[in-house]
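A look at the structure
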Amino acid sequence: MRRAALRILYLALLPVLVLSALLVAPAVVVSRIASRGRVWRPETWKKISYGSRYFRSSFRGRLGEVVDVIDVVRDRLILLFLVLAAICLAGGLIAHLLEIGVPSWVTAWLDGSILSSIGSDLAWFPAGGSVSFGGGAAFVLAGCIALALLALGLSLYAWLAFALGEATRVILRYGGAATLFPDPGDAIPGGRLVLCQLSDLHLTAGGREPYEIEEGSAAWPEGVARPDTAELTGRLRRLVAEIAAMKPPLVALTGDMTDLGEEAQWAELEAALSGIPASSQVLMVPGNHDIAINVGTSPDPYLKKRAEREQRFIEVLTRVERGRFQPPLHIPARKRARRRLRAIAGLYPRRLDLEGGIRIFGLNSNRYRSRFVGSNAIGQIGGGQLRRLARALRRGSGPVIVLLHHHVARLAGPISLNDTFMIAMDGPRLLEILAAYQQKNPKKNSALVLHGHKHLAFFGHYRSKSGGRVSVYAHPSSTLGHETDGHLDGVARFAAVRLTDEGIWRVETHPLRPARAAVEAPPAAAEATVS
């Protein structure tokens, strides 16, 4: 009976401890964050309910703010445990080879302690047998191996715990996402051309196909030439030629201009954009493929490659962007590597004023520092960037367009798990800021958000509880086309944004038939309007 009870105790102790850690640790972290560091009280916990305003704005927001701290702690813990495992294993081997034992009184005590009966209790030895530690060298080796295994187990546990925590946080964030409703619009004629939009070009170099086409070739339509470097750049040049004929005041590129953010890919982009007329200004916002991509064949857990991509992006801005932006473009010194990740943060929001009182704001929605392959597409604008945008909006009035890469809300209808990793964490906060701005003067302060990311064409609107209204247009891939159920149509497009005298936005999508395609193209221009 005693032996059976001991077996149950030994076997159940570790799972009970792990389960307790999984239940207690998140509860403590959540309660501390929710109570802003104050002593936890039951009423604080009650406020955290799914879908509540407190959960969406406070709890989820603070989780986003501490993600960097969590990542650092995770990395340091894993490194610490791995080093400890290596030291323990090496020390045990050295002790065994040199026959370094322990004092005889220690072995005598161990022979008579409960430790000596564990082996027989677990049926490792015949009934009645016991473990003898002898001279102690074998005991030192066994102890070091046990410590090494424990350290390795803790490393794996730390990695899994933080990976699970990251996925859980993202899924919970999706529960508080804003919802967009389709805007039927009406074909109101006229309207001045404000800008032309290109998005998700995914340019490659060296004849390669885009990463997602290589990973899932079934997504590309049959009968259309596979999009290698020549095909992609050729399509972009033809799009640029059509845009140049329209002579827009601004050409906006809303992210994922390159496929992997490599220098050769940026060179292809710069050459293709050379056809934009000198009279047109150019504004770029980064996409996750430009700076945050984290592929399985080349993981980047410590963000070293990301720092290089961000620096490369800043250098491209100096040669491609045109316009009197606020803030002015600042190029950090190459030697100041530690400041590279912070340098790009200071560039956004980028503000550009057009004729007629139209203000354009470019945002960087890649503030989420992904260290996992599966989370590189997650978007985050960041509290500092949103606060600067809100201050800039308060200083003026008139039509406003906000450009970024990630989606800011989910579409009305069934919930899609894929959307979980497509919407910017703080997208609802951006929409609320713009809705409050529009509500101050509904006839004058019209607000429009333009983005890409999901290769989806959609025009809709968001209406806040207070009545403010924001229009949102999602542009598909300008070189790969619109995606439906995981399948691209292969039709190249650009968007033309117009503003009527009545303050109504019109977004026209201009398809371009692929040069070597047999795919039927949509109508010449699909229009959507919003007041």
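Residues numbered from 1 in each chain as written. Predicted model: local features only at pLDDT ≥ 70, side-chain atom pairs only at ≥ 80, totals over all residues. Heavy atoms only, no water.

**Structural notes on the overall build of the chain**
Counted only if it meets this: Here a helix means four or more residues in a row that DSSP labels H or I, a strand means two or more in a row labelled E, and each is numbered from the N terminus. Three exposure classes are used, based on accessible area relative to the maximum for each residue type with a 1.4 Å probe and protein chains only: buried under 20%, partly exposed in between, and exposed over 50%. Two residues form a contact once any of their heavy atoms are found within 4.5 Å. Here, Shrake-Rupley sampling with a 1.4 Å probe gives the accessible areas, and only protein chains in the shown set may cover a residue.
In terms of regular secondary structure, the chain is built from 15 helices and 16 strands. Counting across all 531 residues of the chain, residues that qualify as buried make up 50%. Here the analysis covers contacts within the chain between residues at least 6 apart in sequence; of these, 72% occur between residues at least 24 apart. Within the structure as shown, the chain displays about 25300 Å² of accessible surface, and the carbon and sulfur contribution to it stands at 62%.

**What about the pairing of strand β10 (residues 458-463)?**
Stated precisely, the cut-off is as follows: DSSP calls a pair of strands paired once it identifies at least 2 bridges connecting them.
Burial analysis of β10 places 5 of its 6 residues in the buried class, the great majority of the element. Here β10 pairs with strand β11 (residues 469-474) via 6 bridges, running antiparallel. Across the sheet, residue G460 finds its bridge partner in β11, namely V472. Connecting β10 to the antiparallel partner β11 that follows it, the hairpin turn spans 5 residues, and G467 within it adopts a positive phi of roughly 110°.

**A word on the confidence of the model for the chain**
Our working definition: Predictor confidence is given residue by residue as pLDDT, running from a minimum of 0 to a maximum of 100.
Averaged over all residues, the pLDDT of the chain equals 75, while 63% of them reach at least 70. Ranking the elements of the chain by mean pLDDT puts helix α3 (residues 53-65) last with 40 and strand β7 (residues 400-403) first with 97. Across residues 121-134 the pLDDT falls below 50, and counting only partners more than four positions away or on other chains, this stretch makes 27 contacts in the model. Low pLDDT, under 50, characterises residues 333-339; the predicted model gives this stretch 3 contacts beyond four residues in sequence or across chains.

**Brief notes about the nonpolar core**
Put simply, the rule is: Within this scheme, the nonpolar core is defined by two criteria: the residues are buried Ala, Val, Leu, Ile, Met, Phe, Trp, Tyr or Cys, and they are joined through side-chain atoms within 4.5 Å.
Judged by nonpolar contacts, the single largest core of 61 residues is most densely connected at L253, L269, M284, I360 and I401. Those residues in contact with I360 that sit more than four places away from it in its chain are V194, L195, L250, L283, R350, R351, L352, L354, I401 and L403. Within the second largest apolar cluster, 29 residues are counted, among which are A409, L434, V470 and A474.

**Observations concerning helix α14 (residues 383-394)**
Given 3.6 residues per helical turn, the α-helix brings residues three or four places apart onto the same face. Note the cut-off: One fewer than the residue count of a helix, multiplied by 1.5 Å, yields its expected span. Note: the arc covers the axis-to-C-beta directions of the helix.
Across its 12 residues, α14 extends 17 Å between first and last C-alpha, which sits within 8% of the 16 Å expected from 1.5 Å per residue. Within α14 the residues assigned to the buried category are Q385, L386, L389, A390, A392 and L393. Angular distribution of buried residues about the axis of α14 spans 165°; they occupy a single face of the element.

**Considerations on the packing of α14 against helix α15 (residues 427-440)**
Stated formally: Note on definitions: angles span 0 to 180 degrees between N-to-C directions of axes, and those axes are lines fitted to C-alpha atoms, for helices only across the stretch in contact. Every angle not falling under 35 degrees, over 145, or within 65 to 115 is termed oblique; those three ranges are roughly parallel, roughly antiparallel and roughly perpendicular. Asp, Glu, Lys and Arg are counted as charged, while Ala, Val, Leu, Ile, Met, Phe, Trp, Tyr, Cys and Pro are counted as nonpolar; the rest, among them Gly, fall into the polar class.
Interaxial distance between α14 and α15 falls to 10 Å at its minimum, and their mutual angle equals 5°. Between α14 and α15, the crossing angle belongs to the class labelled roughly parallel. Where α14 approaches α15, its residues G383, L386, R387, L389, A390, L393 and R394 are matched on the opposing element by R429, L430, I433, L434, Y437 and K440. Per-class residue counts for the contact of α14 with α15 are 8 nonpolar, 1 polar and 4 charged.

**Things to note about a positive patch on the surface**
Heads up, the condition is: Patch building starts from residues that exceed 30% relative accessible area and form no salt bridge, then joins like charges within 9 Å and nonpolar side chains (Val, Leu, Ile, Met, Phe, Trp, Tyr) within 5 Å. Here a salt bridge means any side-chain nitrogen of Lys or Arg lying within 4 Å of a carboxyl oxygen belonging to Asp or Glu. Only four residue types enter the charge count: Lys and Arg as positive, Asp and Glu as negative, with His and the chain ends excluded. Here the site of a charge means atom NZ of a Lys, CZ of an Arg, CG of an Asp or CD of a Glu.
Taken together, the side chains of R367, R387, R388, R391, R394, R395, R429 and K440 present a region of like positive charge at the surface. For the positive patch, the secondary-structure elements that each account for two or more residues are α14 and α15. Looking at the positive patch, the element that brings in the most residues is α14, giving 4 residues. Counting through the fold element by element, K440 comes out in helix α15.

**Concerning the packing of helix α10 (residues 263-272) against helix α12 (residues 304-320)**
This is how it is decided: The hand of a helix crossing depends on one turn: near helix anticlockwise from the far one by less than a right angle means left-handed, and clockwise means right-handed.
Direction vectors running N to C along α10 and α12 enclose 15°, while the axes themselves pass 11 Å from each other. Viewed along their axes, α10 and α12 adopt a mutual orientation that is roughly parallel. In this structure, α10 meets α12 at a crossing whose hand is right-handed. Contacts between α10 and α12 involve E263, W266 and E270 from the first element and R312, F313, V316, R319 and V320 from the second. Split by residue class, the contact of α10 with α12 holds 4 nonpolar, no polar and 4 charged.

**Observations concerning the packing of aromatic side chains**
Definition in use: Side-chain rings of Phe, Tyr and Trp (the six-membered ring for Trp) are treated as a pair once their centres are within 6.5 Å; stacked means planes under 30 degrees apart, edge-to-face means over 60, and tilted covers the remaining angles.
Going through the model one piece at a time under the given rule, you end up with 2 aromatic pairs. Seen in terms of ring centroids, W266 and F313 are 5.8 Å apart; in terms of plane orientation they differ by 55°. Their pairing is tilted. Linking W266 in helix α10 with F313 in helix α12, this pair joins segments that are 47 residues apart in sequence. The exposure class of W266 is buried, given its relative accessible area of 1%. Both rings, one in F459 and one in Y473, keep their centres 6.3 Å apart while their planes meet at 40°; by these two values the pair is tilted. Note that F459 is positioned in strand β10 and Y473 in strand β11, a separation of 14 residues in sequence. This pair shows no difference in class: F459 is buried, exactly as Y473 is.

**Some thoughts on the pairing of strand β5 (residues 350-354)**
The alternating pattern of β5 places R350, L352 and L354 on a buried face, while none of R351 and D353, on the opposite face, is buried. Between β5 and strand β6 (residues 358-362), which pair antiparallel and follow one another directly, the connecting turn spans 3 residues, one of which, G356, has a positive phi of 85°.

**A closer look at the side chain of S477**
Which entries qualify depends on this criterion: Definition of a polar contact: a pair of N or O atoms within 3.5 Å, with one able to donate and the other able to accept a hydrogen when the atoms are protein atoms, and with sequence-neighbouring residues admitted only if both atoms are side-chain atoms.
For S477, the position within the fold is in the loop between β11 and β12 (483-484). Residue classification places S477 among the buried positions, given a relative accessible area of 0%. A polar contact of 2.9 Å, which involves the side chain of S477, links it to the backbone nitrogen of L480. Discounting residues that sit within four places of it in the chain, S477 has contacts with S199, D200, H455 and V491.

**What to know about the pattern of salt bridges**
All chains considered together, the criterion is met by 9 salt bridges. Here E270 makes a salt bridge to R319, at a shortest N to O gap of 2.9 Å. Placement of the pair is E270 in helix α10 and R319 in helix α12, with a sequence separation of 49 residues. The residue R351 makes a salt bridge to D353 at a minimum N-O spacing of 3.1 Å.

**Focus: a nonpolar patch on the surface**
A cluster of nonpolar side chains, L82, L89, L93, I145, L149 and L152, forms an exposed patch at the surface whose accessible area comes to about 520 Å². Of all elements in the fold, only α4 (67-97) and α7 (137-175) reach the threshold of two or more residues within the nonpolar patch. Looking at the secondary structure, you find L152 in helix α7. On the accessibility criterion, L152 (42% relative accessible area) is partly exposed.

**Topic: the environment of L404**
Inspection of the secondary structure puts L404 in the loop between β7 and β8 (410-411). Judged by its relative accessible area of 0%, L404 is buried. Along the primary structure L404 and A252 are separated by 152 residues, whereas in three dimensions their C-alpha atoms are 9.9 Å apart. Dropping the residues within four chain positions of it, L404 is found in contact with T254, V285, L363, S365, I381, L430, V449, L450, H451 and G452.

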